[in-house]
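Survey of secondary and tertiary structure
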Amino acid sequence: LRNKVALLTSLHQCTDGLAMAAACSATHDKLSTDYAFPGVSLTFKELGFSVPLPNGQTKTILEPCSGHFEPGQLVALMGPSGCGKSTLLDMLAMKKTAKYSGEVLVNGHERDSRTFPRIAVYVGQEDVMPAHWKVREAIKFNTALKTKAVKGHVVGETVCDLLLEAFGLTGVADTYVGGSSVRGISGGQRRRLSLARGVAAQASLLFCDEPTSGLSATDAELCIKALRAIAKSLNVLILVVIHQPRIEVAQMFDKLVLLTSNPGRMSYFGPMDQAVAYMESCGRPVPQQVNPTDYFLDLVTPGVRLDASDHFVACFKEKLQPQLCDRVERALCEQGATVEEMLLAKPGARLGRFAVPFHMQFMQLLRRKLAITMRNPLAIALPLLLPVALGAVVGAMFTGIGSKEFQDQISFIFILVTVLGLGGMQLMPILIDERQFMKHEASESLYTEGAAVLASFCVDVPLAFMGAAYQVLATFAISGMDSEYLPCIFSWSMLLFFVYDSLFGLMAAIAANASQAQALSSPVLAFFMLCNGFIITKPAAPLFVQWVFPINPNFYAMQAIVVRLAKDAGLAGQFVISYTGYTDSENTQGIIVMLAMIVVLRMLQLVALRSFHKVQK
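Residues numbered from 1 in each chain as written. Predicted model: local features only at pLDDT ≥ 70, side-chain atom pairs only at ≥ 80, totals over all residues. Heavy atoms only, no water.

So, about the overall build of the protein chain. Counting secondary structure elements, the protein chain contains 22 helices and 10 strands. Taking the principal axes of the C-alpha coordinates as reference, the protein chain spans close to 105 × 65 × 55 Å. A burial count over the protein chain gives 52% of its 617 residues as buried. A fraction of 76% describes how many contacts in the protein chain between residues 6 or more apart in sequence connect residues 24 or more apart. The distance from the centre of the 52 positive side-chain charges to the centre of the 49 negative ones in the protein chain is 1 Å. (Helix = DSSP H or I, 4+ residues; strand = E, 2+ residues; numbered from the N terminus. Buried < 20%, exposed > 50% of the residue type's maximum accessible area, 1.4 Å probe, protein only. Contact = heavy atoms within 4.5 Å. Lys, Arg positive; Asp, Glu negative; His and termini not counted. Charge placed at Lys NZ, Arg CZ, Asp CG, Glu CD.)

Before going further, it helps to examine the packing of helix H4 (residues 135-146) against helix H13 (residues 358-375). Contact geometry of H4 with H13 gives a least axis separation of 10 Å together with a crossing angle of 165°. One element, H4, and the other, H13, form an angle in the roughly antiparallel class. As for how H4 packs across H13, the hand of that crossing is left-handed. Packed against H4, whose contacting residues are Glu137, Phe141, Ala144 and Leu145, the element H13 presents Met360, Gln361, Gln364, Leu365, Arg368 and Arg375 at the interface. Across the contact of H4 with H13, the residue classes tally to 5 nonpolar, 2 polar and 3 charged. (Axes fitted to C-alpha atoms, helices over the stretch in contact; angles between N-to-C directions. Parallel < 35°, antiparallel > 145°, perpendicular 65-115°, else oblique. Left-handed = near helix turned anticlockwise from the far one by under 90°. Nonpolar A, V, L, I, M, F, W, Y, C, P; charged D, E, K, R; others polar.)

Turning to empty space enclosed by the protein, a few remarks are in order. The full count for this structure, using the stated rule, is 2 cavities of 30 Å³ or more. Each pocket or cavity is described by its volume, and for the largest cavity that value is around 200 Å³. Mapped onto the lining of the largest cavity, the elements with two or more residues apiece are strand E6 (120-123), H4, helix H6 (187-200) and helix H16 (428-443). Residues of the lining of the largest cavity, tallied by class, amount to 7 nonpolar, 5 polar and 6 charged. (1 Å grid on protein atoms, 1.4 Å probe; cavity = no way out; pocket = protein on both sides within 12 Å on 5 of 7 lines; lining within 4 Å. Points joined across faces, edges and corners; volume = space filled by probe spheres on them.)

Within the fold, Arg118 resides in helix H3 (residues 116-119). No salt bridge forms around the buried Arg118; measuring N to O, its nearest opposite-charge neighbour Glu340 is 9.4 Å away. A distance of 3.0 Å separates a polar side-chain atom of Arg118 from the backbone oxygen of Gly352. Here Phe354 takes part through its backbone oxygen, which lies 3.5 Å from a polar atom of the side chain of Arg118. Beyond its immediate stretch of four places on either side in the chain, Arg118 contacts Lys146, Gln202, Leu343, Arg350, Leu351, Gly352, Arg353, Phe354 and Ala355. (Salt bridge = Lys/Arg side-chain N within 4 Å of Asp/Glu carboxyl O. Polar contact = N/O pair within 3.5 Å; in protein donor to acceptor, adjacent residues only side chain to side chain.)

Further remarks concern the layout of surface pockets. By volume, the second largest pocket amounts to about 1,000 Å³. Taken together, 37 residues line the second largest pocket, and the ones lying closest to its centre are Lys95, Lys439, Ser443, Lys614 and Val615. Breaking the lining of the second largest pocket down by element, the ones donating at least two residues are H3, E6 and H16. A per-class count over the lining of the second largest pocket returns 14 nonpolar, 10 polar and 13 charged.

The α-helix winds at 3.6 residues per turn, so residues separated by three or four positions along the chain end up facing the same way. Between the first and last C-alpha of helix H18 (residues 486-510) there are 36 Å, a value that for 25 residues agrees with the 36 Å anticipated at 1.5 Å per step. Counted residue by residue, H18 has 19 buried out of 25 residues, so it is predominantly covered. (Expected span 1.5 Å × (residues − 1).)

A separate point is a nonpolar patch on the surface. The grouping of Val388, Met466, Tyr470 and Leu473 at the surface amounts to a nonpolar patch, some 310 Å² of accessible area in total. The greatest single-element share of the nonpolar patch, amounting to 3 residues, is contributed by helix H17 (residues 449-479). (Patch = residues over 30% accessible without salt bridge, like charges linked within 9 Å, V, L, I, M, F, W, Y side chains within 5 Å. Areas by Shrake-Rupley, 256 points an atom, 1.4 Å probe, with all protein chains shown as cover.)

Our next topic: the pattern of salt bridges. Evaluated as defined, the whole model comprises 24 salt bridges. For Arg564, the salt bridge goes to Glu484, with nearest N and O atoms at 3.1 Å. One end of the pair, Arg564, is in helix H20 (residues 553-566); the other, Glu484, is in the loop between H17 and H18, with 80 residues separating them in the sequence. On the basis of relative accessibility, which here comes to 41%, the residue Glu484 falls in the partly exposed class. For Arg602, the salt bridge identified is with Asp501, shortest N-O distance 2.4 Å. Residue Arg602 is located in helix H22 (residues 587-611), and its partner Asp501 is located in helix H18; the two are separated by 101 residues in the primary sequence. Each of the two residues, Arg602 as well as Asp501, counts as buried. The network of salt bridges with common partners includes Glu221, Lys225, Arg246 and Glu248.

All right, on to the pairing of strand E8 (residues 237-241) then. Of all 5 residues making up E8, 5 are buried, and the element is well covered by its neighbours. Taking every second residue as pointing to the same face, both faces of E8 are buried, with Leu237, Leu239 and Val241 on one and Ile238 and Val240 on the other. Bridge analysis of strand E3 (residues 74-78) against E8 gives 4 bridges, and the strand direction is parallel. Along E8, the bridge assignment pairs Ala76 with Val240. Regarding the hand of the β-α-β motif, the stretch spanning strand E7 (residues 205-209), helix H7 (residues 217-234) and E8 is right-handed. (Pairing = 2+ DSSP bridges. Right-handed = clockwise from strand over helix to strand, strands pointing away.)

What follows covers the sheet that holds E3. Strand order in the open sheet formed by 6 strands is E6-E7-E8-E3-E9-E10, with mixed pairing between adjacent strands. In the strand order of this sheet, the two ends are held by E6 and strand E10 (265-271), each with one partner. Strand after strand, the sheet turns through a mean of 15° between neighbouring axes, direction not considered. Where E3 lies against strand E9 (residues 255-260), 4 bridges are found, and the strand directions are parallel.

Within the largest apolar cluster, 188 residues are counted, with the highest numbers of intra-cluster contacts made by Phe44, Phe69, Leu88, Leu92, Phe167, Phe207 and Ile238. For this core, the leading source of residues is H18, giving 15 residues. (Core = buried A, V, L, I, M, F, W, Y, C linked by side-chain atoms within 4.5 Å.)

Turning our eyes to something else, we now look at the side chain of Thr475. Among the secondary structure elements, Thr475 is positioned in helix H17. The exposure class of Thr475 is buried, given its relative accessible area of 2%. In terms of polar contacts, Thr475 uses its side chain to reach the backbone carbonyl oxygen of Gln471, at 2.8 Å. Aside from chain neighbours lying at most four places away, what touches Thr475 is Gly391, Val394, Gly395, Phe412 and Leu416.

Purely geometric stuff here, so don't read any function into it on its own.
Given below as structure tokens:
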């Protein structure tokens, strides 16, 4: 009975597999007809990498090596830890930020840093995407930013549906991507989504760094199956760094690049289906009932029982390297189409680093920003509800302040301005989270940092402004201050808000994390609050502090509001004005200074986003 059940189960799985294969075949036929992109060859010559050590010596990570890949191949880069396989992938993908030796050519032409990202996509080990993004939206986003739709022909929806089907994501198309605090798709589905976004970019080269790490055997097989189908149907050259795939997965690869470590050296470069025979020709036949790829790694891992790394390096240099070098030299002479020619072959395409102009980048980013903001309760509660609640608490603490002594009213104004400044700090963690996937996507030439900053500004700033405005209005209404002072208090408070919002935006762009951003912001905020002309007055301030007042937004806001209140406070008001040195002759100067600070801080924020926290490889 048990054997019969197993047989029926096997037949059922086989039937399902044939049905899925037929569906995938139809999908890939559609992709190859409507979405194919010119294939490219990739050649590298004497590519190597070393790092300097503190003692002045250098450590070789990867010895100079050469190779050649044809379009439509699925290539596995394998080897033990420290062999330089990810380093080789990064250099081929033009992602290595450190200096390295050798050259890489596309169709026999040198790579151009401006146009190479248009035909190459890099999928790293981490899936960096907004948690409240939907799967379909993620694929359409890359399609819209990497392809130029032909007039009268809708590309995005069609391609999105085809890719969802090709990568087995149709059932979760309208599900959130998810994250640590948001429930969404599984890890395997998230990995396939990252790969689908890469294919949606209409790239001829796809570089994948350990796409199966952390996945179950089934999810890993699904990922590689989808990659192989894409490679064959779209003629895409796909290079994959992978660890010990099971035999069913290994057989899907066309080519194997096997490296050994200490230092990284090439020990095999050739067809995957000929690797077993090659090992046998080198005197190391693969035992029966053993996964060949596991055995390969045992042979080229220094220090283990079966270590034969030096032997296989020697065999490679004797048997494979001469013919590989000849193939590389021929490839250098066989020049095909340049990247510019490939791009111009597509109707409506444009040259340059980005596939679409700035305004289209901005519209796509603004659409995504609005969607994920409206779906995220925290993104609404922090800038809107929390300030209103805080304003109500502060107003309740100063209920009836309008009928009290003038000095008490000054304390109320000081607290109102201080709380307004402190409230903006709570938004920095959200800005830093968004910066993470912004830097990742900008490194793939999807859009410029300027478009991302402008899109965030159009959503975050109005939300934060509404929260600050409601906070001031709630505080003022509950406190009982005379309504004639509202225009002065409200206008200067909002101007001060914009200054601090710009300051915190800059700190979020500079800092590595939220804790560091708060640590950088707190001293500046404290210094401005102390030197507001009331705690430390301008006439009594030490000489080394005098320079702060002309650039202190808190000073200008406190001065303008206190002077306005003092006009109706009689002798008490005159005493405070003489004590603090406040004057109403600097209001215009204060407005100009604060507006200038807003502009300068926003410009510095953009520079910081472009210059800091780049994806390092």
